[in-house]
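For reference, the chains in residue letters:
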Amino acid sequence: MEIVTKSSPHLRRPQARVTRMMRDVSIALLPLVVFAIVQHGLTALWILLAAVFSMAVTEYIYYQVTDWLERLKEAKSETEKSIRDLKAEKKELRAEARQKKTEEAKEAYASFLSDYKEKLAPLKKELKEENKKAPTDENKSFRLWNRRFTLTNFSVVTSGVIYGLTLPDRIPLVVVMIGGAIGILLAKLIFGGMGQNIFNPAAFARVFVVLSFGTLLSYETFVADGAAGATAMSILNENIFDSTVTEHYGIWTLFSGIGLPGSLGETSALLILVGGLYLALRRSFDLVVPLTYIGTVFLLSLSVMFAQGLDFWFPLVHLFGGGLLFGAIFMATDPITSPVTRPGRIYFAFGLGLVTFLIRIFGNLPEGVVFAILIMNMFVPALDYPKWARNRFSVRAAVIFSMVVVAAIIITNVGVHYVG
Amino acid sequence: MITGSKRVSDYKQLMKELPTLRHVDPEKVYINLPGERCPKYTVKVEKGDKVKLGEIIGERDGGFFKQPIYSTVSGVVEGTTEKTDPTGEKIECVVIKNDHQDTYHESITDRPDSVIADFKKKDFVEILREKGLVGLGGAAFPSYIKLDTDKDIHTVVINAVECEPYLSSDYRLIKDQPEDIFKGLSYVMQAVEAERGVIAVKKTKRELIEVLERELARFADLDIRIAELDDYYPQGWENATFEKATGIKVDVGTLPMEKGILGFNVSTCAAVYEAVKHNLPVIKRHLTVNGDAVKFPQNIRARVGTSVKELIELCDGYREDVDEVQVIIGGPMMGKSIPDDDAIVTQTTTSVLVFESAEYVEEPCVRCASCVYSCPVDIQPVSIMNAVKRNDEKSAQDLRADRCIECGLCAYVCTSKIHVTDYVRKGKALLQNK
């Protein structure tokens with residue numbers, strides 16, 4: 001028996017695990033996956049599998065390649081180091097000889113030069129031989145399982161399923177895979193892997209697919225019956241006050257998502273809320289973010305409703321019609337791409353709601369959730385800046401924030417007045 | 001778990017009910033010469049000297065105060081030796097062989113109540129200074145300096161929260177000697193002429209509240225109240241206790257005395273009674289031997305100077321199937337892990353914990369902000385960690401790393417099992433070195 005020392009605290013919370021958190025998100029997504037398969041058939045399953053598979057495989061290849069490069073560097077280092085030392089010594093002696101101009105320094109340099117080449121030659125030879133036999137070296141052996149691979153803690157599965165659920169059902173599998181690979185590579189891996197990414201990989205992948213393969217994504221393209229193909233949001237995109245949207249889809253249809261066109265997982269508000277409830281009960285996400293996000297959109301649409309004399313369908317369609325609930329509960333709550341303080345998260349979620357609503361009303365696109373998430377992701381470092389990030393609302397911050405909220409409502413309504 | 005979780009499971013169920021073992025007679029005691037706040041000392045005894053219980057054997061020098069060292073047994077001085085102190089360092093100790101007679105020194109005599117009733121502040125201060133009483137909760141700050149405040153004190157708060165998990169020494173003390181605590185509190189109130197006294201206990205410790213309320217009936221003439229506090233960690237942190245018990249918020253960095261509050265740990269309060277009434281220094285103290293790597297955890301009332309090894313053996317020693325253990329003096333959240341078990345019980349030792357050494361696999365930080373939500377002093381441990389990693393002094397300053405009280409909650413709640421507290425400590429050091 002041995003006595004070891006460690007620094008306090010000596011206890012850890014047993015329930016606090018990254019795996020538990022990520023697994024909970026995957027479990028919360030399960031009802032949506034089942035719903036998507038029931039609604040869209042096996043195509044949905046193939047799309048989801050393609051999304052997860054492309055992300056996992058890309059990550060696997062990336063880590064194997066970086067590990068391979070690292071191992072290559074390690075094996076070289078011994079001999080290379082001695083060569084580098086020798087060259088540094090030469091440089092130093094030469095500099096001394098030139099600066100001081102004393103006989104001693106010159107002599108030292110000359111004597112060093114005389115056997116310099118003789119010293120260098122065998123080292124270079126050694127290095128060459130090492131490089132030749134390197135692949136059979138023991139520490140360069142290929143490891144099948146990579147320790148940084150995040151399949152074990154459900155991180156990549158969660159990203160993949162979320163990405164898959166934001167896609168429409170008729171999208172070619174090749175496009176799904178390209179999007180997934182690019183999303184995980186450019187949004188997560190090159191930033192340094194899990195915990196280091198600035199952008200939500202799922203949102204990034206989805207936006208990449210929208211921008212690169214836009215024509216394949218529009219819901220009408222593949223649907224035979226044109227009227228049933230348009231989502232509630234794209235009807236509103238034509239005319240933001242088009243109340244016929246409620247004739248196409250009743251509020252109950254929008255809420256339950258049965259028979260509704262749209263992305264695989266974004267249609268059923270009911271099941272998304274069930275998933276959100278599960279996450280809230282397990283405390284695996286921060287409830288502040290989705291509440292503020294949804295609340296902001298609701299508040300803005302409510303103000304527009306009153307200003308324009310519309311009926312109550314307007315805010316409800318904005319809540320249940322698009323990808324707002326899905327984005328708010330599963331994408332905006334990704335802790336890695338959120339600020340770390342509670343006020344920061346409230347500002348962040350308010351920004352999400354504002355940008356989403358502005359894109360929906362003024363933008364060319366029918367839906368703004370993923371764009372809003374990527375845009376607000378960029379503001380996270382600013383919201384976390386040490387100079388002003390604080391754990392609690394100060395009176396000053398609360399006053400400024402409420403002024404910003406009022407200003408946002410006024411500007412939105414003025415804008416809507418001119419557009420409408 | 002992304003949540004502002006200040007709940008720490010307390011693992012006390014079994015220990016609370018175990019009776020206190022009276023471990024009164026070690027063969028030898030080792031009295032530490034340098035104390036936690038006193039690096040210098042003088043010894044007044046030599047090898048072969050006969051000493052009595054409660055006799056002065058030396059003096060510690062803490063710069064702005066001096067502190068006598070008392071013998072805790074009667075017997076023969078055997079010289080000095082080196083032992084590990086609660087902070088893990090080797091210190092000089094006087095070895096006294098116990099003659100098991102417990103002959104008290106002549107100065108140890110009871111004071112009649114009528115004499116104490118006339119005491120003023122300076123009398124109490126003089127007694128506490130003479131008896132070398134320090135904060136027994138672990139701070140080791142001389143109590144007489146605290147009592148000798150020139151501020152106007154209206155409330156005396158007795159901190160019996162004991163929020164550290166695994167610890168039950170204060171719990172047992174209150175159950176065993178509730179009267180001492182009330183009397184000690186009444187002396188302190190008399191000294192500073194405070195109007196109110198508050199005893200702060202955790203709401204979940206029902207039995208303690210019952211015991212205290214029964215005792216309170218006997219002190220009806222004093223304005224003493226029992227404050228029931230929520231079961232949070234670190235509720236026993238002085239400022240948190242004061243805020244919850246009296247409603248007065250004390251900021252980090254200001255002295256509670258300036259707000260009219262004087263706080264004492266419950267065991268210090270009992271020791272005040274011993275010192276004033278019986279003229280005794282701290283001879284014995286309650287402590288807990290607990291943890292998953294010790295065979296039979298016990299509550300023990302041990303003499304100051306008892307060897308820790310002896311106490312662990314008293315609990316049937318270490319479990320045999322464990323390869324690596326940690327021996328911790330103090331609680332599991334803030335206690336110090338010591339390098340060997342050749343340590344001694346000092347005045348401030350609240351517990352000896354023996355844990356099986358656990359390895360935690362660190363994962364990358366996912367910025368879940370559990371540490372930020374949990375922090376009792378409202379700083380952002382995760383941001384400080386990132387600042388320390390890039391050696392960014394200015395950010396550490398902006399993030400107010402110096403406010404950290406090292407309660408350990410950030411590392412406890414961390415989703416990725418990162419030792420966040422260590423990083424914040426480095427951040428504090430970064431600011432201090434400037």
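All values derive from a computational prediction rather than experimental measurement. (Residues numbered from 1 in each chain as written. Chains lettered and ligands numbered in written order. Predicted model: local features only at pLDDT ≥ 70, side-chain atom pairs only at ≥ 80, totals over all residues.)

Draft legend 1. How the structure looks around the overall build of chain B. Counting secondary structure elements, chain B contains 15 helices and 17 strands. The C-alpha radius of gyration computed for chain B amounts to 22 Å, which stays within 12% of the reference 22 Å derived for 434 residues, consistent with globular compactness. Counting every position in chain B, which comprises 434 residues, the buried fraction comes to 54%. Pairs at least 24 residues apart make up 71% of the contacts formed inside chain B by residues separated by at least 6 positions. (Helix = DSSP H or I, 4+ residues; strand = E, 2+ residues; numbered from the N terminus. Rg over C-alpha atoms; globule rule 2.2 N^0.38 Å. Buried ≥ 20, exposed ≤ 12 C-beta atoms within 10 Å, placed from the backbone. Contact = placed C-beta atoms within 7 Å.)

Draft legend 2. Examining the confidence of the model for chain B more closely. All names here are of chain B. Of the residues in chain B, 98% reach a pLDDT of 70 or more, and the chain-wide mean stands at 88. Within chain B, helix α12 (residues 381-389) carries the highest mean pLDDT (94), whereas helix α1 (residues 13-17) carries the lowest (70). Two summary scores accompany this predicted model of the complex, namely pTM at 0.86 and ipTM at 0.86. (pLDDT = per-residue confidence, 0-100.)

Draft legend 3. Expanded view of the domain arrangement of chain A. Each assigned domain of chain A is listed with its residue range as follows: domain 1 (65-140) and domain 2 (241-261 + 285-420). Summarising the inter-unit geometry, the C-alpha centres of domain 1 of chain A and domain 2 of chain A are found 60 Å apart. (Domains from an automatic or database assignment.)

Draft legend 4. Focus on the environment of B:E130. All names here are of chain B. Structurally, the position occupied by E130 is in helix α3 (residues 121-130). By the C-beta count within 10 Å, which is 16 here, E130 ends up partly exposed. Through-space distance from the C-alpha of E130 to that of F141 is 15 Å; in sequence the pair is 11 residues apart.

Draft legend 5. Seen up close, unusual backbone geometry. With an omega of 0°, the peptide bond between A:S8 and A:P9 qualifies as cis. Its location among the elements puts A:P9 in the loop between β1 (2-3) and α1 (18-40). Geometrically, the link from B:Y233 to B:P234 is a cis peptide bond, its omega value of -5° lying close to zero. By the element assignment, B:P234 lies in the loop between β11 (224-229) and α8 (238-246). Residues other than glycine seldom take positive phi values, yet B:R400 does so here, at roughly 55°. Here B:R400 is to be found in the loop between α13 (393-398) and α14 (409-413).

Draft legend 6. Representation of the confidence of the model for chain A in the model. Residues and elements named next belong to chain A. This prediction gives chain A a mean pLDDT of 84; 90% of its residues lie at or above 70. Per-element averaging of pLDDT across chain A places helix α9 (residues 226-229) at the bottom with 40 and helix α19 (residues 380-383) at the top with 94. This stretch, residues 220-228, has a pLDDT under 50; its non-local contacts, to residues over four places away or in other chains, come to 10 contacts.

Draft legend 7. Highlighting the environment of A:F348. Residue and element names in this part refer to chain A. Relative to the helices and strands, F348 resides in helix α17 (residues 342-362). When the C-alpha atoms of F348 and G179 are compared, they prove to be 26 Å apart, with 169 residues separating the residues in sequence. Apart from residues no more than four positions distant in its own chain, F348 is found in contact with S338, P339, M376, V380 and L383.

Draft legend 8. Geometry of the nonpolar core. Counting residues in hydrophobic clusters, the biggest one holds 222 residues, and the most contacted among them are B:I158 and B:V188. Ranked by residue count, the leading element in this core is α17(A), at 10 residues. The contacts of B:I158, once residues within four sequence positions are left out, are B:I181, B:L185, B:V198, B:I199, B:A200, B:F264, B:V266 and B:C269. (Core = buried A, V, L, I, M, F, W, Y, C linked by C-beta atoms within 7 Å.)

Draft legend 9. Structural context of the packing of helix α5 (residues 169-176) of chain B against helix α9 (residues 266-278) of chain B. Residue and element names in this part refer to chain B. The interhelical angle for the contact between α5 and α9, taken along N-to-C directions, is 40°, at an axis separation of 9 Å. For the element pair α5 / α9, the angle class is oblique. Between α5 and α9 lies a crossing of left-handed hand. When α5 is examined against α9, the residues D170, L173 and I174 are found in contact with a partner set consisting of V266, S267 and A270. Looking at the contact of α5 with α9 residue by residue, the classes come out as four nonpolar, one polar and one charged. (Axes fitted to C-alpha atoms, helices over the stretch in contact; angles between N-to-C directions. Parallel < 35°, antiparallel > 145°, perpendicular 65-115°, else oblique. Left-handed = near helix turned anticlockwise from the far one by under 90°. Nonpolar A, V, L, I, M, F, W, Y, C, P; charged D, E, K, R; others polar.)

Draft legend 10. Representation of the pairing of strand β12 (residues 261-265) of chain B in the model. Residue and element names in this part refer to chain B. By the criterion of burial, β12 is predominantly enclosed, with five of the five residues buried. In β12, alternate side chains face the same way, and those of I261, G263 and N265 on one face and L262 and F264 on the other are all buried. Summarising the sheet, strand β9 (residues 155-159) and β12 pair through five bridges and their orientation is parallel. The partner of V157 across the bridge, within β12, is G263. (Pairing = 2+ DSSP bridges.)

Draft legend 11. Geometry of helix α13 (residues 269-281) of chain A. Residue and element names in this part refer to chain A. An ideal rise of 1.5 Å per residue puts 18 Å on 13 residues; α13 measures up with 18 Å between its terminal C-alpha atoms. The complete set of buried residues in α13 reads A269, L271, I272, G275, G276 and L279. Projected down its long axis, α13 shows its buried positions confined to an angular sector of 165°, all on one face. Opposite the packed face of α13, turned more than 90 degrees from it, sit the exposed residues L277 and L281. (Expected span 1.5 Å × (residues − 1). Arc of directions from axis to C-beta.)

Draft legend 12. Fine view of the sheet that holds β11(B). Residue and element names in this part refer to chain B. Here four strands make up an open sheet; going across it, the order is β11-β10-β9-β12 and the pairing parallel. In this open sheet, the two strands that pair with only one neighbour each are β11 and β12. Averaged over neighbouring strand pairs, the angle between their axes works out to 25° when direction is ignored. For strand β10 (residues 196-202) and β11, the ladder comprises six bridges, and the chain directions are parallel. Note that in β11 the partner of K202 across the bridge is L229. On top of the sheet, α9 reaches β9 and β12; it is set at about 90° to β12, its chief contact.

Draft legend 13. Structural detail: the sheet that holds strand β5 (residues 56-61) of chain B. Residue and element names in this part refer to chain B. An order of β3-β5-β6 is seen for the three strands of this open sheet, with the pairing classed as antiparallel. Edge positions in the sheet fall to β3 (40-43) and β6 (66-70), since each of these pairs with one other strand and no more. Here the strands of the sheet are splayed against their neighbours by 25° on average, with no regard to which way each runs. The pairing of β3 with β5 spans four bridges and is classified as antiparallel. Within β5, the residue paired with V43 across the bridge is G58.

Draft legend 14. Spatial organisation of the pairing of strand β2 (residues 28-32) of chain B. All names here are of chain B. With four of five residues buried, β2 lies mostly within the body of the structure. In the sheet, β2 pairs with strand β8 (residues 90-98) via five bridges, with the strands oriented antiparallel. Counterpart to Y30 in the pairing with β8 is V95.

Draft legend 15. Representation of the interface of chain B and chain A in the model. Contacts between the two partners involve 54 residues from chain B and, on the opposite side, 37 residues from chain A. Those elements giving two or more residues to the side of chain B that touches chain A turn out to be β15 (324-329), β16 (336-338), α11 (370-374), α12, α13, α14 and α15 (420-432) of chain B. Across the side of chain B that touches chain A, the residue classes break down as 29 nonpolar, 14 polar and 11 charged. Taken together, the two bridges between β1(A) and β15(B) define a ladder with parallel strand orientation. In the strand pairing of β15(B), A:E2 is matched with B:E324.

Draft legend 16. Highlighting the packing of helix α7 (residues 201-212) of chain A against helix α18 (residues 369-377) of chain A. Residues and elements named next belong to chain A. Running from amino to carboxyl end, α7 crosses α18 at an angle of 125°, the nearest separation of the two axes being 9 Å. In terms of axis orientation, α7 runs oblique to α18. The two elements α7 and α18 meet at a crossing, and its hand is left-handed. Contacts between α7 and α18 pair A203, F204, R206 and V207 from the former with V370, F371, I373 and L374 from the latter. A breakdown of the residues in the contact of α7 with α18 according to their chemical character gives seven nonpolar, no polar and one charged.

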